[in-house]
Amino acid sequence: WRDILRCSSINENSDFFNLGGDSLLITSLIRKVNQTFGIKVPPRKMLSAKTLSGQVTIIEEVLSSQ
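Scoring rules and cut-offs
- Residues numbered from 1 in each chain as written.
- Predicted model: local features only at pLDDT ≥ 70, side-chain atom pairs only at ≥ 80, totals over all residues.
- Heavy atoms only, no water.
- Core = buried A, V, L, I, M, F, W, Y, C linked by side-chain atoms within 4.5 Å.
- Buried < 20%, exposed > 50% of the residue type's maximum accessible area, 1.4 Å probe, protein only.
- Helix = DSSP H or I, 4+ residues; strand = E, 2+ residues; numbered from the N terminus.
- Contact = heavy atoms within 4.5 Å.
- Salt bridge = Lys/Arg side-chain N within 4 Å of Asp/Glu carboxyl O.

## Some remarks on the nonpolar core
Part 1: Core analysis: the largest hydrophobic core is formed by 17 residues, its most contacted members being Leu29, Val41 and Met46.
Part 2: Mapped onto this core, the elements with two or more residues apiece are helix H1 (2-5), helix H2 (23-37) and helix H4 (52-64).
Part 3: By residue number, the principal contributor to this core is H2, which donates four residues.
Part 4: Beyond its immediate chain neighbours, meaning those up to four positions away, methionine 46 contacts Ile26, Leu29, Ile30, Val41, Gln55, Ile58 and Ile59.

## What to know about the pattern of salt bridges
Part 1: Within this structure, the stated rule accounts for one salt bridge.
Part 2: Put simply, aspartate 3 and lysine 32 hold a salt bridge, and the shortest N to O gap is 3.1 Å. Note that aspartate 3 is positioned in helix H1 and lysine 32 in helix H2, a separation of 29 residues in sequence.
Part 3: Judged by relative accessible area, aspartate 3 falls into the exposed class, the value being 55%.

So, in structure tokens, the structure goes:
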């Protein structure tokens, strides 16, 4: 998030879209997560989980299912 949103004050309840995120930036985030962890995160789930903790939960679920 810090790299993509260029924001240093982020906590687990921060909202991606309230911090300036949009559909293009979430696509970049998903691409980076997929490349870093070698997974395929569902874009719709990431869009619906707007907070950092929500998106981390989705990533953990995908990782644990592999």
